[in-house]
Amino acid sequence: MMASSPDFIASGGTALRGEIRVAGDKSISHRSVMLGSIAEGVTEIEGFLEGEDSLATLAAFRAMGVRIDRPSPGRVTVHGVGLHGLQAPAGDLDLGNSGTSMRLLAGLLAGQSFATRLVGDASLTRRPMARVAEPLRLMGAQIDTAPGGRPPLEIHGAAALKGIEYRMPVASAQVKSALLLAGLYAQGTTRVIEPAPTRDHTERMLAGFGYPLRREGALAELQGGGRLQGAALQVPADISSAAFFLVAASIAPGSDLLLRGVGINPTRTGVIGILRAMGASIEILAERESGGEPVADLRVRGAALRGIVIPEELVPLAIDEFPVLFVAAACADGETLLRGAEELRVKESDRIEVMARGLRALGVELETYPDGIRIRGGASLAPARIDSGGDHRIAMAFCVASLRATGPIVIGDCANVATSFPGFRALAGSVGLQVDEQPPADSEPL
Ligand code: S3P
């Protein structure tokens, strides 16, 4: 079944050096196509992530009648159809591996005049959708899920939505965004209150498209029935993709790497705070603003890392970076403890379990908890064959681990790296981290 997913062979390297720009921000790329499609006029996007996840969003809007051109790499032109211009797709909207596409679209589609059915791959089909379906039903949406609140999602058309005030039980930018997008179609005011700060790209971009929105502390609020005006957008490089190189250069002695044009929105920079607390040398240079988002160049040099207790308030601000942060912890002196991160169990894989299995195979001592992990760092890593669990960020995290391993790490099932970071292997190779690809070893179960 997984026969087409290749293995990676990560052979490490010595010091990492050079200047690179990592792939475009995934969260911002999704939103640029969504908002561009329901805006009036043309939206010109630069730096769009041409990964499978954001392309799934793009394909969904094309299927709903939006003309979207891709004149050259990273450039996307969306011919917006306005808030009420989407058309019924001919079939299911297949969102592949992308939880962001499914959850945000659930909100955006809840208020359309036509019905839609949202489906995904095996990983996405295991992920919880009740967190968006339930509050959207409170707004008047008619949404059916499979048992257990899983995909597919059947969204019935022609529901009259009304604004609600919703206190989110989980700190989730996807839930917040789904409700705000539904709120565009709702009568009255939609108010969302988050239990801890989560990424605020939707709010920033709505404002950039001229949509009035009130933000005050944990609250985001908007009225339905307004208009979005097409805009020019520059997507920054993704800090979640930069994170692999921040850790790689930190753990490879003598490294000196410059990562250009990285988004440093304060709701995303937990990884920098955590690595600095571990002793990493990361400089934030040439801070500037681009398309309503703060951007900078990041200079990272090799440093001796030490284990820490990760402050719980940083968890939502670094939620996608934990696979590679666990690798940093394994290479640090002393223990690192993470708690309050149960969300990691419902990402593209159970990231606590799949990382623990892989790290143990490399000889790392650790304990897991329902909401976290304790990692004893410092020992050298043994070569091993491990399984990525079909999870892009786990595959790339173990590539980084090879920098401190005494031999190659073979990582099974790596096709999904293309969901968030196409070109990862080539870019890694260009700065001194060697990762090769080989066809899947079908006959050897992992
Ligand atoms: C995302 C929000 C986060 C994150 C995901 C992208 C977004 O998910 O893990 O990769 O673009 O809004 P949650 O909202 O589930 O925390």
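Rules of the game
Residues numbered from 1 in each chain as written. Predicted model: local features only at pLDDT ≥ 70, side-chain atom pairs only at ≥ 80, totals over all residues. Heavy atoms only, no water. Near = heavy atom within 4 Å. Polar contact = N/O pair within 3.5 Å; in protein donor to acceptor, adjacent residues only side chain to side chain. Areas by Shrake-Rupley, 256 points an atom, 1.4 Å probe, with all protein chains shown as cover. Helix = DSSP H or I, 4+ residues; strand = E, 2+ residues; numbered from the N terminus. Nonpolar A, V, L, I, M, F, W, Y, C, P; charged D, E, K, R; others polar. Domains from an automatic or database assignment. 1 Å grid on protein atoms, 1.4 Å probe; cavity = no way out; pocket = protein on both sides within 12 Å on 5 of 7 lines; lining within 4 Å. Points joined across faces, edges and corners; volume = space filled by probe spheres on them. Pairing = 2+ DSSP bridges. Axes fitted to C-alpha atoms, helices over the stretch in contact; angles between N-to-C directions. Contact = heavy atoms within 4.5 Å. Buried < 20%, exposed > 50% of the residue type's maximum accessible area, 1.4 Å probe, protein only. Parallel < 35°, antiparallel > 145°, perpendicular 65-115°, else oblique. Left-handed = near helix turned anticlockwise from the far one by under 90°. Salt bridge = Lys/Arg side-chain N within 4 Å of Asp/Glu carboxyl O. Buried area = accessible area lost by both parts, 1.4 Å probe. Phe/Tyr/Trp six-rings, centres within 6.5 Å; stacked < 30°, edge-to-face > 60°.

Engineer: Lay out the site of the ligand with the relevant residues and their values.
Structural biologist: Close contacts around the ligand come from Ser 27, Arg 31, Thr 100, Arg 103, Ala 171, Ser 172, Ala 173, Gln 174, Arg 199, Ile 319, Asp 320 and Lys 347, and that covers them all. Measuring from an oxygen atom of the ligand, one finds a backbone N or O atom of Gln 174 at 2.8 Å. Lys 347 places a polar side-chain atom, nitrogen or oxygen, 2.7 Å from an oxygen atom of the ligand. Its free accessible area being 380 Å², the ligand has 95% of it covered by the protein chains. Elements supplying a minimum of two residues to the shell around the ligand: α1 (26-38), α3 (99-110) and α6 (173-183). Here the shell around the ligand is built from residues that sort into three nonpolar, four polar and five charged. Three or more residues apiece are contributed to the shell around the ligand by two domains, here domain 1 (7-24 + 236-438) and domain 2 (26-234).

Engineer: Provide a residue-level description of empty space enclosed by the protein, including the pertinent values.
Structural biologist: A full pass over the atoms with the stated rule returns three cavities of 30 Å³ or more. Taken as a whole, the largest cavity spans an internal volume of roughly 70 Å³. Along its surface, the largest cavity is lined by Ile 28, His 201, Arg 204, Met 205, Leu 233, Gln 234, Val 235, Pro 236, Gly 291, Gly 292 and Glu 293. Elements with a minimum of two residues in the lining of the largest cavity: α7 (201-208) and β14 (232-234).

Engineer: Tell me about the sheet that holds strand β19 (residues 365-369), and name the residues and values.
Structural biologist: Across the sheet, which stays open at both edges, the three strands sit in the order β18-β20-β19 with antiparallel pairing between neighbours. The sheet is open, and its two borders are formed by β18 (334-338) and β19, each paired with just one other strand. Averaged over all neighbouring strand pairs, the angle between strand axes comes to 10 degrees, with direction disregarded. Along the sheet face, helix α10 (residues 322-330) touches β18 and β20 (372-377) and points at about 30 degrees away from the line of β20. Against the sheet, helix α11 (residues 351-361) makes contact with β19 and β20, and its axis sits at roughly 165 degrees relative to β19, the strand it touches most.

Engineer: Break down the pairing of strand β15 (residues 256-263) for me, with residues and values.
Structural biologist: Burial analysis of β15 places six of its eight residues in the buried class, which makes it a mostly covered element. Strand direction decides the pairing type here: strand β2 (residues 17-20) and β15, joined by four bridges, are parallel. Looking at the pairing, Glu 19 lines up with Leu 258 of β15. Relative to strand β17 (residues 293-301), β15 runs antiparallel, the two being bridged by six bridges. The partner of Asp 256 across the bridge, within β17, is Arg 301.

Engineer: Explain the packing of helix α2 (residues 52-63) against α3 residue by residue, including any values.
Structural biologist: As a packed pair, α2 and α3 sit with axes 10 Å apart at the nearest point and diverge in direction by 30 degrees. Overall, the two elements α2 and α3 adopt an arrangement that is roughly parallel. Regarding α2 and α3, the two cross each other, and that crossing is right-handed. Contact with α2, carried on its side by Asp 53, Thr 57, Ala 60 and Phe 61, involves Ser 101, Leu 105 and Leu 108 of α3 and no other residues of that element. Broken down by class, the residue content of the contact of α2 with α3 amounts to four nonpolar, two polar and one charged.

Engineer: Any chance you could break down the pattern of salt bridges for me, citing the residues and the numbers?
Structural biologist: Inspection of the entire model under this criterion finds 36 salt bridges. Of the charged contacts, one joins Asp 7 and Arg 385 as a salt bridge, the two residues approaching to 3.3 Å between their closest N and O atoms. Placement of the pair is Asp 7 in strand β1 (residues 7-12) and Arg 385 in strand β21 (residues 384-387), with a sequence separation of 378 residues. Residue Asp 7 is classed as buried on the basis of its relative accessible area of 2%. In this structure, the salt-bridge partner of Arg 301 is Glu 283, at a minimum N-O distance of 2.6 Å. With Arg 301 in strand β17 and Glu 283 in strand β16 (residues 281-290), this pair connects stretches of sequence that are 18 residues apart. On the basis of relative accessibility, which here comes to 29%, the residue Arg 301 falls in the partly exposed class.

Engineer: Give me the lowdown on the domain arrangement of the protein, citing residues and values where you can.
Structural biologist: When the domains of the protein are assigned, the result is domain 1 (7-24 + 236-438) and domain 2 (26-234). One C-alpha centre belongs to domain 1, the other to domain 2, and the line joining them spans 28 Å. Taken together, the contact pairs 27 residues of domain 1 with 24 residues of domain 2. For the domain 1 and domain 2 pair, buried surface summed over both sides reaches about 2200 Å², with 45% attributable to carbon and sulfur atoms. For domain 1, the biggest contributors to the area lost against domain 2 are Arg 268, Glu 348 and Thr 419; these three give 23% of the whole. Close ionic contact of Arg 199 with Asp 320 constitutes a salt bridge, the shortest N to O distance being 3.2 Å.

Engineer: Residue-level account of the pairing of strand β9 (residues 150-155), with values.
Structural biologist: Relative to β9, strand β7 (residues 116-119) runs antiparallel, the two being bridged by three bridges. Paired with Thr 116 across the bridge in β9 is Ile 155. Relative to β9, strand β8 (residues 143-146) is paired through three bridges, and the arrangement is antiparallel. Across the sheet, residue Ala 146 finds its bridge partner in β9, namely Arg 150. Where β8 folds back on β9, the antiparallel hairpin that results is connected by three residues, among which Gly 148 adopts a positive phi of roughly 80 degrees.

Engineer: Residue-level account of the packing of aromatic side chains, with values.
Structural biologist: Within this structure, the stated rule accounts for five aromatic pairs. Consider the rings of Phe 245 and Phe 424, whose centres lie 6.0 Å apart with planes at 55 degrees: the pair is tilted. One end of the pair, Phe 245, is in helix α8 (residues 239-251); the other, Phe 424, is in helix α14 (residues 424-431), with 179 residues separating them in the sequence. According to the relative accessible area criterion, Phe 424 is buried, its value standing at 1%.

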